[in-house]
Amino acid sequence: MDTRGLMGGLYKITEWISRIAASNLLWLLCSIPFFFVVVSKILLLQAMPDQPETLSYWLMAILAPITLFPATSALFAVTRKWVMGEEDVSVWRTFFKGYKENYKQSLLGGIFYTLLCVIMIVDYKVYMDQIPGAKVIGIVMLIFLFILFISLFNFFSMIAHYHMGIKQLIKNSVLLVMVRPLRMLSTLICAGVLVIITVKFPFLILFGFGSLTAYVAFFNFYGTYTKMQQMAEKQKQAEEDTSEGEAEALPADEVKTDK
C-alpha cells in the first residue's frame, strides 16, 4: 500500500492506534485478577467510604507479582521494539514471548517490590501517626518509597532490554534513578499527565494508558542508556589515546613488549 500523501498518513495513524490498543488490551487481559480487585475496591469505597477494609489491599499485594508484573514486563518488551525502530513486529507474538521469557524475573522482582512497598507504607503510617516526634523518619520513608516507585520504570525497561540476574536488575534500577534523576522525573511527569488525561477520558484505560506509559518510560530509559554508552565509549577511546601517547613519549627501552 502507498504510504505517501494524506491516505498514507491516515493509514499510519490508524495502524499505530491499533498497535497501541492491542498491546494495551493484552496487558489488561493478563492482569485481570489484579484489576478486578482494584475496581472492586474503588466501588466499595464509593458505596461505603467509612467502612474499614484491608482484605482488598492484601489481595492486590498477592496478585501484583503473579499477574501485573509479568504482564507489564511483556508490554515493555513490545514498546522496546517500537522505540528501537522495529515497528512492524507482531504485537501478539512479541508480547507473549516477552511474557514467557521474563515471567520468573518479573515474579521475583514483583515479590521484592511489593514486600518492600508494604513495609515502607506500614512504617510510614507508624512513624507519622503513632510515634510522637518521628515524622522526619516518616518523611524519609516516603522519599524512599517515591524513589522505589520511580525505579519500577527502569526495572521493567531493563527486564525487556538486558539479560541480568534479579539482584542486578533491582540494584541498577534504583541506581539509575540516582544517576539520572531529571530523566526519571520527566518519565513520572509524563505518566502523571497520562493519568490526568485518562481520568477525563476513561476509555484510554482500555485502549492506551498502559502502552503509552510503557512507551514513554522505555523511550526515556533508552535515551539514558544510549547516552551512557556513548560516554563510556568516549572515555575508553580517551584512555586508549592517552596510553598510546605515553608509550610514544617513553624511551624505547622502557616500553614493555610481548616480544
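Up top is the structure these notes are about.
So, here's what we can say about the structure. Just so it is clear, the model here is predicted, and its values are computed rather than measured.

It is worth spelling out the overall build of the protein at this point. Secondary structure summary: the protein contains nine helices and zero strands in total. The helix and strand sequence of the protein, counted from the amino end, reads α-α-α-α-α-α-α-α-α. Sorting the 259 residues of the protein into buried and exposed places 34% on the buried side. Summarising the internal contacts of the protein: among those between residues at least 6 apart in sequence, 72% fall at separations of at least 24.

With that settled, consider the packing of aromatic side chains. By the definition in use, this model includes 21 aromatic pairs. Ring centres of Phe 112 and Tyr 113 lie 5.8 Å apart, and the angle between their planes is 85°; on these two criteria the pair is classed as edge-to-face. Taken together through their ring pairs, the aromatic side chains of Phe 69, Phe 76, Phe 112, Tyr 113, Phe 155 and Phe 156 make up a single cluster. Over the aromatic face of Trp 16 sits the side chain of Arg 19, whose NZ or CZ is 4.9 Å from the ring centroid.

For the pair helix 5 (residues 135–161) and helix 6 (residues 166–179), the least separation of the axes is 8 Å and the interaxial angle reads 125°. By the angle between their directions, the pair helix 5 and helix 6 is classed as oblique. The handedness of the crossing between helix 5 and helix 6 is right-handed. Only Ile 166, Leu 169, Ile 170, Asn 172, Ser 173, Val 174, Leu 176, Val 177 and Met 178 of helix 6 make contact with helix 5, whose side of the interface consists of Ile 147, Ile 150, Ser 151, Asn 154, Phe 155, Met 158 and Ile 159. Its residues assigned to classes, the contact of helix 5 with helix 6 comprises twelve nonpolar, four polar and no charged.

Helix length check: helix 5 (27 residues) gives 39 Å between terminal C-alpha atoms against 39 Å at 1.5 Å per residue, within 8%. At Leu 152, helix 5 shows its largest bend, some 25°.

A few words now on helix 6. An α-helix turns once every 3.6 residues. As a result, residues three or four positions apart point the same way. Across its 14 residues, helix 6 extends 20 Å between first and last C-alpha, which sits within 8% of the 20 Å expected from 1.5 Å per residue. For helix 6, the full list of buried residues reads Leu 169, Ile 170, Ser 173, Leu 176 and Val 177. Down the axis of helix 6, the buried side of the element spans an arc of 130°, and every buried residue falls inside it.

What follows deals with the packing of helix 4 (residues 91–129) against helix 5. Between two packed helices, the angle of one axis relative to the other and the distance separating the axes together describe the packing. Two elements in contact, helix 4 and helix 5, have axes separated by 8 Å at closest approach and are oriented at 165°. With respect to helix 5, the axis of helix 4 lies roughly antiparallel. The way helix 4 lies across helix 5 gives a crossing that is left-handed. In terms of residue class, the contact of helix 4 with helix 5 is made up of 18 nonpolar, six polar and two charged.

What follows is about the nonpolar core. Counting 47 residues, the largest nonpolar core has Trp 27, Phe 69, Phe 76, Phe 95, Tyr 113 and Phe 155 as the members making the most contacts within it. When contributions to this core are tallied by element, the ones reaching two or more residues are helix 1 (5–30), helix 2 (32–47), helix 3 (55–83), helix 4, helix 5, helix 6, helix 7 (181–200) and helix 9 (209–249). No other element matches the twelve residues that helix 5 contributes to this core.

Criteria and cut-off values
Residues numbered from 1 in each chain as written. Predicted model: local features only at pLDDT ≥ 70, side-chain atom pairs only at ≥ 80, totals over all residues. Heavy atoms only, no water. Helix = DSSP H or I, 4+ residues; strand = E, 2+ residues; numbered from the N terminus. Buried < 20%, exposed > 50% of the residue type's maximum accessible area, 1.4 Å probe, protein only. Contact = heavy atoms within 4.5 Å. Phe/Tyr/Trp six-rings, centres within 6.5 Å; stacked < 30°, edge-to-face > 60°. Lys NZ or Arg CZ within 6 Å of the ring centre and 35° of its normal. Axes fitted to C-alpha atoms, helices over the stretch in contact; angles between N-to-C directions. Parallel < 35°, antiparallel > 145°, perpendicular 65-115°, else oblique. Left-handed = near helix turned anticlockwise from the far one by under 90°. Nonpolar A, V, L, I, M, F, W, Y, C, P; charged D, E, K, R; others polar. Expected span 1.5 Å × (residues − 1). Bend = angle between axes of the 7 residues up to and from the residue. Arc of directions from axis to C-beta. Core = buried A, V, L, I, M, F, W, Y, C linked by side-chain atoms within 4.5 Å.

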